[in-house]
Structures are given as C-alpha cells and as structure tokens.
Amino acid sequence: MKYGIILVVIGFFVLAQARGLFFTPPDQLMGEVQRLMYIHVPAAWNAFIAFFITFVGSIGYLWRKTPVWDRLAASSAEVGVVLTAMTVCLGAIWGRPTWGVWWTWDARLTTTAILLFLYLGFLAIRAFIDDRRTRARVSAPIGILIFLNVPIVYFSVKWWRTLHQVQSSPSTMDLGMVTSLRLNALALLAVLVTFLYWRMRLERRRQEREEQLAMPPAIADSTGGGR
Amino acid sequence: MMRFVRCAIAVCRKDLLTEARQRETVSTVCFFGLVVVLLFGFAVGSDTTWLTRLAPGLLWLTVLLSVVVALERSFQAEAEEGCMDRLILYSASHRAVFLGKCVTNCCVIGTVQLIVGLAMSILYDLPTPQQPGLLIAALLLGDVGIAVLGTFYSAVLSKTRARHVMLPLLLFPMLIPLLVCVVTTTQAALLGDLFGETTVWLRLLILFDAIFVAAVFWTIDPLMEA
C-alpha cells in the first residue's frame, strides 16, 4: 500500500507521455521532434515550482527555525536541479534540428543554465557542513538570495540578447496538443510531489539515525538505536 | 543606532589597520591583477583596437578573479583564532560586524580596481573616458555589489570545511547580472554612448545592489549565529 501511490504516479506519467507521443498530432513544421515539448516544457515549469518551494522553505526556516522547513528546502532544490538539468539537455537536443545549434545565448536558455549552477552551488555548500543546525542556518539565506536573483538574471540576459521562440499561446495550438501538454505538466507535478515526499522522509530518517548514533550507547540501546 | 555605526566603523578600522600594517592581501591581489592584465595582452595580441574593445570586460574579469583572494580572507583571521563569537558578543549586532567587513572589502576592491584600471589604460593604450561621471558611478556600484555578495559568501564559507575553491563557484554565477550591467556601462562610459542605452543598465545595476543589500542584511543574523 505504501508503494501504491508511487505506482499510481508512474502510471499517470506513462499514460500522459503515451498520449503526447502516440495520440497527439505532430507539429506542422517541426514534425516529430516537437514531441520533446511534452517533457521539456513540463520539466521547466515544474523546476520553477521546485525552486519556489525551496524559497518558501528557506523563508519558513528563518521564520520558524524548525528542521522540517530546511528538509523541504533541500529536498526541493535536489528535485529542481534534476528537472533543470533535464530541461537544458532536452532543449539542446531539440535545438539542434530546429535552430541548427545545440546552444545559443538566449535569455531563457542562459537563465536556466545559470539557475542550474546556482542550485548546484546551494547543494554543494550543504554537503560541506556536517552540523545539521549550522547547515540549515547557512543554507536558508542562500536559498532566498538565489531565488531573488532569478528575475534579475532573466531580465539582464534578455536585454543583453534574445532568440528563444515566443511561447505559443493555447489558442494557436491544436487542442490535442494543449491537452497533452497540460496532462504531462500535471503528471510531472505529481512526480515532483512524490519525489519531494520521499526525499523529505529519507532526510528525516537520516536525522533520526544521526541523533541515535550521537547518543551514549546506554540511551541508544533503550530507544532501540542498536538495531 | 549610534552604537551600530560606531561598531561597524570599529570593525572596519581594525581590518584596514591590520591590512595597512601587514600589507599582505592588497599587495598580493594587486600583483595578481597586474599579471592577469599582462597575460590578457599576450592572449589577445598586441593589436590595441582589439584590446580597447575588450577592455571593459577584461577589467571586470580581472577584478573578479583577483579580489576572490581578498574576499576569502575577510573572515579568516576571526575564524582561525576563534574570536568571531566574542566579536559578535561584544558588538552592537551581527549586522554591524558584517557591515564593517563589507566596507573593508569595498575599499580593497576599489583599490585593486583603480590600480588594475590604470595599468590597463597605460598598457592597452585606452582612450580618455567619454563620460567620466558614468565611469565612476559604474565602478562604485559594481564594487558595492561585489563587496556585499562576496562578504556574504565569505561568511557562509567561514562556517564550512571547504574554503578555497568554493567561493568563486558560488559567487560568480550570482554576479552574472552585475557583470553584464557593469561591463555595458563601463563600455559606454569609455567609448561613448551613441544610443542612450546605458540608463536601463545603470537602473538595473542600482536595483541589483538595492535588492541584495536589503536581502543580505535581512538574512545575515542567523548566518552569523550558525
């Protein structure tokens, strides 16, 4: 039963992908390559959601000073980094046949890449601090600062140079495509939430374990720490 | 409020005095900057038209690369001798200590930049700046931005095991918007601004500084306590 929810989420994701890949018409100009959109765009959206959750978690930690907020911020940053890396890689794969280049210095691409580096730094600095309380107190301000930088990075690079195609509005797209895109976005959101939940659970267990190991053996035995 | 300012001034004075007596950090950093300026000359070639076009970008890159050393050291003395806790206990607030460190770093960055810039204008045969006021504004605002975020990350790293490699990795991606702004503004100030494009960059630079000064001073308390 515990793993049932994971099966449901995976099933939802597979069905949404299948709809995008096999039951939606291909793009008029780009052809089959366009089907990358059903994972690229949802991944980008959900990466931003994940980073926003990190921001909220960081603020929550500064406000409440309870470890659960820190766990939320850290787990969400990890999921966000995975999704951002996916967005950048898939975007490059799509860009090669469509624009003719793997990479261009466009505002959205560059912003996404910078985001990836900023949050990798956030995770790296956490890995270098052993004490849990210090780690939380140090990483919460960084989580806030990085998120504040996102719009500034975006606008600075946008004014600097721009090429990324303008977002298609739902009204110009085939209804099947819109439905597939939204369905995939929801599916990936479900994946994000599941990841987040399991990652936070794992982190809580690890902390409990650390606390048990830090205790003197007699107390650890009485709380069942020896097992 | 008076205590806050006096405390910040005291920390800044202490750091500057140590630096003036030791003359270790600034001289090393300046020397490094001059070597980089020389190396860029060899890497790009001796064609001064190229060097003039690249100069604004090279100036800021040199400054960023060299001041990392100074920024890394800004909390080192306290961290090594374990007197950070006492400094915080004695002082009016954590923010005052941080502000003092920030001002010191700003002075160091300004000095390095002045020397590197002068060396560049001689070695690369740069023209006289078209808009000296704009140039000074760009330099000052850029220095404040680098100092605030640099001191922040230096404080972060003083809490960790990793010191030496991590600072540029964390700091430079954060400074990308600042770099874009200051390089464009410096270029316009140096070579003239034909289309009046710099206002928007100057505004963005001011916005960047304002946002990060506010955010850093808001979040610095838990960080210094950690």
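Please read these numbers as outputs of a predicted model, since none were measured by experiment.

Criteria and thresholds
Residues numbered from 1 in each chain as written. Chains lettered and ligands numbered in written order. Predicted model: local features only at pLDDT ≥ 70, side-chain atom pairs only at ≥ 80, totals over all residues. Helix = DSSP H or I, 4+ residues; strand = E, 2+ residues; numbered from the N terminus. Rg over C-alpha atoms; globule rule 2.2 N^0.38 Å. Buried ≥ 20, exposed ≤ 12 C-beta atoms within 10 Å, placed from the backbone. Contact = placed C-beta atoms within 7 Å. Nonpolar A, V, L, I, M, F, W, Y, C, P; charged D, E, K, R; others polar. Core = buried A, V, L, I, M, F, W, Y, C linked by C-beta atoms within 7 Å. Axes fitted to C-alpha atoms, helices over the stretch in contact; angles between N-to-C directions. Parallel < 35°, antiparallel > 145°, perpendicular 65-115°, else oblique. Left-handed = near helix turned anticlockwise from the far one by under 90°. pLDDT = per-residue confidence, 0-100. Expected span 1.5 Å × (residues − 1). Bend = angle between axes of the 7 residues up to and from the residue.

Asker: Even after reading the chapter, I still don't get the overall build of chain B, so can you show me in this structure?
Answerer: Looking only at helices and strands, one finds ten helices and zero strands in chain B. Reading the helices (α) and strands (β) of chain B from amino to carboxyl end gives α-α-α-α-α-α-α-α-α-α. Relative to its length of 226 residues, chain B is compact, with a C-alpha radius of gyration of 18 Å against a globular reference of 17 Å. When burial is assessed residue by residue, chain B has 44% of its 226 residues classed as buried.

Asker: Would you explain the interface of chain B and chain A in this entry?
Answerer: Of the residues lining the interface, 24 residues belong to chain B; the matching set on chain A comes to 25 residues. Mapped by element, the contributors of at least two residues to the side of chain B that touches chain A are α8 (166–174), α9 (176–191) and α10 (198–225) of chain B. When residues of the side of chain B that touches chain A are assigned to their parent elements, the largest contribution, nine residues, is made by α10 of chain B. Here the residues of the side of chain B that touches chain A are counted per class, giving 19 nonpolar, two polar and three charged.

Asker: Would you explain the nonpolar core in this entry?
Answerer: One broad rule of soluble globular proteins: the nonpolar side chains tend to lie buried together. In this structure, Val-67, Leu-149 and Val-156 of chain B are the most contacted members of the largest nonpolar core, which totals 116 residues. The contact partners of Val-67 of chain B, leaving out residues within four places of it in the chain, are Val-29, Val-108, Ile-109, Val-112, Ile-146 and Gly-150 of chain B.

Asker: Sorry, what's going on with the packing of helix α3 (residues 48–73) of chain B against α9 of chain B here?
Answerer: Packed helix pairs are characterised by how far apart their axes lie and by the angle those axes make with each other. Residue and element names in this part refer to chain B. Two elements in contact, α3 and α9, have axes separated by 8 Å at closest approach and are oriented at 135°. On the basis of their axis angle, the class for α3 and α9 is oblique. Judged by the twist between their axes, the crossing of α3 over α9 is right-handed. Together, Ala-55, Pro-56, Gly-57, Leu-59 and Trp-60 of α3 and Leu-179, Val-182, Val-183, Thr-186, Gln-187 and Leu-190 of α9 make up the contact between the two elements. In terms of residue class, the contact of α3 with α9 is made up of eight nonpolar, three polar and no charged.

Asker: What am I meant to see in the confidence of the model for chain B here?
Answerer: Interpreting fine coordinate detail is not advised for predicted regions of low pLDDT. Confidence along chain B averages 88 in pLDDT terms, with 98% of residues attaining 70 or more. Complex prediction metrics read pTM 0.86 and ipTM 0.87.

Asker: Where do I start with helix α5 (residues 132–160) of chain A in this structure?
Answerer: Helical periodicity: at 3.6 residues per turn, an α-helix aligns residues three or four positions apart in one direction. Taking 1.5 Å per residue, 29 residues should reach 42 Å; α5 of chain A reaches 41 Å between its end C-alpha atoms and fits that length. The principal kink in α5 of chain A, of about 30°, is found at Val-150 of chain A, preceding the proline Pro-151 of chain A by one to four residues.

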